[in-house]
Amino acid sequence: MRHPVRLFAVLHAASLASLLIAAGCQPLPKPFAEDAPTQDAPIMTLKDSAGIIVQPVGGAAAPVALQLAEAMAEALRAADVPASTQASNRGSYVLASTAEERPRTGDRAVIALHWELRGPDGSAAGSYEQSAETGLTRWREGDPALIKQLVGAAAPAVADLLLEEGAVAADSEQRVAVPLVVGAPGDGARSLARAMELALRQANVPVAESGPAASGRHFTVAGKVGLAAAAEGKQKISVSWTLLGPDGGQIGQVNQENAIAAGSLDGRWGDVAYAVAKSAADGIVALLDHLKKAGSGT
């Protein structure tokens, strides 16, 4: 992508709500609500967006098979990946899995789980193997602590498989790198960056691995969060996303702001990170499109 014409644009939004309305997500989940959207909320079922549909676990008793799938979907959402056991679209990835009991002495057994991620076209996108020794009764009755332990170990690996999908081909073109977001409270630095990567991939924007290798070669979307002092239980938060060229020059910026309950984002951002990134990604894509047209002279 050549860019002989340097342009600068700033996209403003009076609030994240207006950005989300423009993105067509209705009924609108409040982007800074204290409670994250449920798995069947519109933000989790955006038309033609990537996400994961989790199938029941093969080889496990019926109640446990569904319990594991539901727990995995919940754990993926906690890792900022849209996931559901019910809602899907033509852009959805599919997570299939099988369980195998390997008996030991007495009531003990090793439970081996194979998780396989498949693309929207059914092609293999990656897999993850795990095993844990436990009591057979505990396993077959679906002990909640055991299920939480199993999906807690597997979900981050599955999330990484989805985020890495599309970045495995030879890096022969300019891509967009998204470093950790500066100034975000709680886990926002990482969750916002990962959510922006996912939102850009959904918009068919090639995403690069962030790091020194991206400098001087790829574009960068640099996120920054600002928090005002709390007043009367409220706190103003602003999020800016700056698009930088390979030479480090600023091309454009997308700004978002809203008022939240003071301290409500001091912990896990969860689905809020995806809502914020998804609404801002449209502006980043518009800047890239404008830059491409300017560079090609069209």
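This one's a predicted model, so the numbers in the text were calculated from it and none came from an experiment.

(A) Focus on helix H2 (residues 62-78). For H2, with 17 residues, the first-to-last C-alpha span of 25 Å sits near the 24 Å given by 1.5 Å per residue. Turning to H2, its buried residues number three or more, namely Val-64, Ala-65, Leu-68, Ala-69, Ala-71, Met-72, Ala-73, Leu-76 and Arg-77.

(B) Summary view of the sheet that holds strand E4 (residues 93-103). If you trace the 5 strands from one edge of the open sheet to the other, you get E3-E2-E4-E5-E6, paired in mixed fashion. Either end of the sheet is taken by a strand with one partner, and the two such strands are strand E3 (83-84) and strand E6 (124-135). Of the strand pairs in this sheet, strand E5 (residues 108-118) and E6 are connected by 11 bridges, and their pairing is antiparallel. Note on E6: the bridge partner recorded for Trp-115 is Tyr-128.

(C) Spotlight on the pattern of salt bridges. Per the stated rule, a full pass over the model turns up 7 salt bridges. The salt bridge partner of Glu-100 is Arg-102, with a shortest N-O separation of 3.4 Å. Accessibility expressed as a relative area gives 37% for Arg-102, which makes it partly exposed. Put simply, Lys-236 and Glu-257 hold a salt bridge, and the shortest N to O gap is 3.6 Å.

Conventions used here
- Residues numbered from 1 in each chain as written.
- Predicted model: local features only at pLDDT ≥ 70, side-chain atom pairs only at ≥ 80, totals over all residues.
- Heavy atoms only, no water.
- Helix = DSSP H or I, 4+ residues; strand = E, 2+ residues; numbered from the N terminus.
- Expected span 1.5 Å × (residues − 1).
- Buried < 20%, exposed > 50% of the residue type's maximum accessible area, 1.4 Å probe, protein only.
- Pairing = 2+ DSSP bridges.
- Salt bridge = Lys/Arg side-chain N within 4 Å of Asp/Glu carboxyl O.

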